[in-house]
Amino acid sequence: MSADSVFYKFPSDKPSYPEKAADFLASLLIKGVVEAVAVPCWINNAAPAYTLATDPAALATADPFAPVMLRNAADLLAELTRQGLSRKVAVVVRSCEMRALFELVKLRQARLDNVLLIGADCLGTVPVTAFPGDGVAATLRAMATPLPAGSLRNACQLCANRVPPAGDLTICALGLDPKADLIVEAKSEQGKKTLETLAATETAAPAKRQETVDQLHQQAEALAAVTDTNLLSLLGRCARCYNCRDMCPICYCPECFFTSQKLGYSSDRYLEWAKRKGSLAFPTDTLLFHLTRMNHMIASCVGCGICESACPNDIPLGKIYAVLRRQVQKLYDYEAGRSLEEPLPMSVFFEKELHQVEE
Amino acid sequence: MAPFEPKIIAFLCNWCSYAGADLAGTARLQYPTNVRIVRLMCSGALDSAYVVRALVEGADGVFVGGCHPGDCHYLNGNFKARRRIAMLETILAGVGLQPERVMLRWISASEGQKFAQTMQEFTDRIRTMGKNPLTAKATAAAMEVSA
């Protein structure tokens, strides 16, 4: 939160905080600020579905703070905005989704034209398989009593980015009284104008938010410093389903190195290898896959941990990526998704840098 | 049992380091036969995947040779290579592999002597480090990498 953050109170007669947020989003449609709103909604209570709504009534179950996520919405948004939107759409995302979206914009897979970008504070998420399946009641509980760190997905425990980095607006939630008025932070001129159109009034910064966020971030950094990232011992149960790659918001290559002819071997080659090595375990190249995927995308990894959530065999990839991305991005003084302007690490270079690598 | 002789794969860029290696050859400079050279047009064309693959398939060391910064035949390929190798070494260290098995050095076309010395230096280093643990039977049993 910068010195010139402006916070607004949005008046709503809805009884709960998530409902007030949903009301706010519905007003965007009612007041004609946007033609559609993309936001997680409790279509059923098992898990929220990322929904594109044009009817305000459809937003009744919208919940930007749901403590569970099926996937990182950034790749869905890339799908939606790839050719650029011709109509104004409000897009509601949590921090890791916004950061992944920024990376995808820089990778030319998504566009922000005509997007009203709304971030939401993240209360953390639990694994889908551990989610009680009671919809917005879970969000209300998480707002009343912060989710214990141990119950969160590994990536969330290691997340030091609970607040979205930029955008037009941020719907606040961390450290807030769940009975309080909806607090929305204006992050841009467009955001400010939108809040004024909706008759929101300026208000003081929410008292405990910064403190709550700082504490969560400190805990995450402390955990990252002691997390074991030894990958070798974990790959024994990798089945090479490629779920981690397929669900990763950053992995966008229509033809992945691993399913290309570069690794297309003939039966004779397999037999020769088996003969030379004594035996050949299938599928081959598991360690190669993981290390290469890491080399190919970790510069833009936002640590959302969906790779781990997607793994059918519970390999804690999210934990490893969340820690290693910090180490790699630090090499280039970069943080994935921190800014739209900051160039991708592999697209720039300096004449004098990284001398520790040159031998 | 024969003493351990490392297997080194060297990815050399056509215009500088490969030419340097060639000069070592024409000047009859002796360097270890442990080195197997793969020629690329530019060090910047080397996808880290190939360095990883060499290590995973049993290479004990991987050397990457490029033009000196500022001298790349394609202007900036070596700068990209430097960024990629920095990333690769950080990842290797992070996941429990040995980044010292990868070496990046700039060797120009006129530096035949430097090439020979570098190969000697790197081979000696890898010989001291020992065989690549990824091909040890114990590690193989833990993962799918076969011995």
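Use the structure listed above.
Residues numbered from 1 in each chain as written. Chains lettered and ligands numbered in written order. Predicted model: local features only at pLDDT ≥ 70, side-chain atom pairs only at ≥ 80, totals over all residues. Heavy atoms only, no water.

Engineer: Teacher, can you tell me more about the overall build of chain B here?
Structural biologist: A count of helical and extended segments in chain B gives five helices and four strands. The globule rule puts the C-alpha radius of gyration for 147 residues at 15 Å, and the 15 Å found for chain B is close to it. Taken over the C-alpha atoms alone, chain B extends approximately 45 × 35 × 20 Å along its principal axes. Long-range contacts, defined as pairs at least 24 residues apart, comprise 75% of the intrachain contacts of chain B with a sequence gap of at least 6. Seen as two clouds, the 16 positive and the 12 negative side-chain charges of chain B have centres 2 Å apart. (Helix = DSSP H or I, 4+ residues; strand = E, 2+ residues; numbered from the N terminus. Rg over C-alpha atoms; globule rule 2.2 N^0.38 Å. Contact = heavy atoms within 4.5 Å. Lys, Arg positive; Asp, Glu negative; His and termini not counted. Charge placed at Lys NZ, Arg CZ, Asp CG, Glu CD.)

Engineer: Sorry if this is basic, but what is going on with the layout of surface pockets here?
Structural biologist: Over the atoms rolls a probe the size of a water molecule, and in doing so it shows where empty space is left. Taken as a whole, the largest pocket holds about 940 Å³ of empty space. Lining the largest pocket are 35 residues, with I250, Y252, C253, H296 and M297 of chain A sitting closest to its centre. Of all the secondary-structure elements, those providing two or more residues to the lining of the largest pocket are α2 (74-81), α8 (243-247) and α10 (286-297) of chain A together with α3 (77-95) of chain B. With six residues, the single largest contributor to the lining of the largest pocket is α10 of chain A. Here the residues of the lining of the largest pocket are counted per class, giving 19 nonpolar, seven polar and nine charged. Of the pockets and cavities examined, the second largest pocket occupies roughly 660 Å³. For the second largest pocket, the lining is made up of 20 residues, of which R276 of chain A together with A54, E57, G58 and A59 of chain B are closest to its centre. (1 Å grid on protein atoms, 1.4 Å probe; cavity = no way out; pocket = protein on both sides within 12 Å on 5 of 7 lines; lining within 4 Å. Points joined across faces, edges and corners; volume = space filled by probe spheres on them. Nonpolar A, V, L, I, M, F, W, Y, C, P; charged D, E, K, R; others polar.)

Engineer: Quick question: what am I supposed to make of the packing of aromatic side chains here?
Structural biologist: Aromatic rings in a pair are described by how distant their centres are and how their planes are angled relative to each other. Scanning the entire structure with this criterion turns up 14 aromatic pairs over all chains. With 5.7 Å between their ring centres and 10° between their planes, W42 of chain A and F131 of chain A make a pair best called stacked. Here F131 of chain A lies in the loop between β5 (115-120) and α4 (136-144) and W42 of chain A lies in strand β2 (residues 36-44), a separation of 89 residues in the sequence. Each member of the pair, W42 of chain A as well as F131 of chain A, is classed as buried. Taking 5.3 Å as the distance between ring centres and 15° as the angle between the ring planes, the aromatic pair formed by F349 of chain A and F79 of chain B counts as stacked. Of this pair, F349 of chain A sits in the segment after α12 (317-331) while F79 of chain B sits in helix α3, on two different chains. By relative accessible area, which is 8% here, F79 of chain B ends up buried. These aromatic residues form a ring-pair network of at least three members: Y242, F257, F258 and F289 of chain A together with Y50 of chain B. For the cation-ring pair, R245 of chain A lies above Y242 of chain A, with the distance from its terminal atom to the ring centre recorded as 4.2 Å. For the cation-ring pair, R39 of chain B lies above Y18 of chain B, with the distance from its terminal atom to the ring centre recorded as 5.6 Å. (Phe/Tyr/Trp six-rings, centres within 6.5 Å; stacked < 30°, edge-to-face > 60°. Buried < 20%, exposed > 50% of the residue type's maximum accessible area, 1.4 Å probe, protein only. Lys NZ or Arg CZ within 6 Å of the ring centre and 35° of its normal.)

Engineer: How should the interface of chain A and chain B be read in this particular structure?
Structural biologist: Interface extent is often summarised as the accessible area lost during association of the parts. Contact with chain A, which involves 44 residues of that partner, is made by 39 residues of chain B. Across the chain A to chain B interface the summed buried area is about 3700 Å²; carbon plus sulfur atoms make up 60%. For the pair chain A and chain B, the interface holds four salt bridges. One salt bridge in this structure joins R83 of chain B and E353 of chain A, with 2.9 Å as the shortest N-O distance. Viewed at the interface, chain B and chain A are joined by 17 residue pairs in polar contact (both at pLDDT 80 or more). Residue assignment for the side of chain A that touches chain B shows that the elements contributing at least two residues are α10 and α12 of chain A. The class makeup of the residues in the side of chain A that touches chain B is 25 nonpolar, 11 polar and eight charged. (Buried area = accessible area lost by both parts, 1.4 Å probe. Salt bridge = Lys/Arg side-chain N within 4 Å of Asp/Glu carboxyl O. Polar contact = N/O pair within 3.5 Å; in protein donor to acceptor, adjacent residues only side chain to side chain.)

Engineer: I keep staring at the sheet that holds strand β3 (residues 61-66) of chain B and nothing clicks. Help me out?
Structural biologist: The pairing of strands in a sheet happens through backbone hydrogen bonds and is either parallel or antiparallel. Residues and elements named next belong to chain B. Spatially, β2-β1-β3-β4 is the arrangement adopted by the four strands of the open sheet, whose pairing is parallel. The strands lining the two open edges of the sheet, one partner per strand, are β2 (35-40) and β4 (102-106). The sheet shows a mean angle of 20° between the axes of neighbouring strands, taken without regard to direction. Pairing between strand β1 (residues 8-13) and β2: six bridges, direction parallel. Following the sheet pairing, I9 is matched in β2 by R36. α3 contacts β3 and β4 of the sheet and is inclined by roughly 160° relative to β4. (Pairing = 2+ DSSP bridges. Axes fitted to C-alpha atoms, helices over the stretch in contact; angles between N-to-C directions.)

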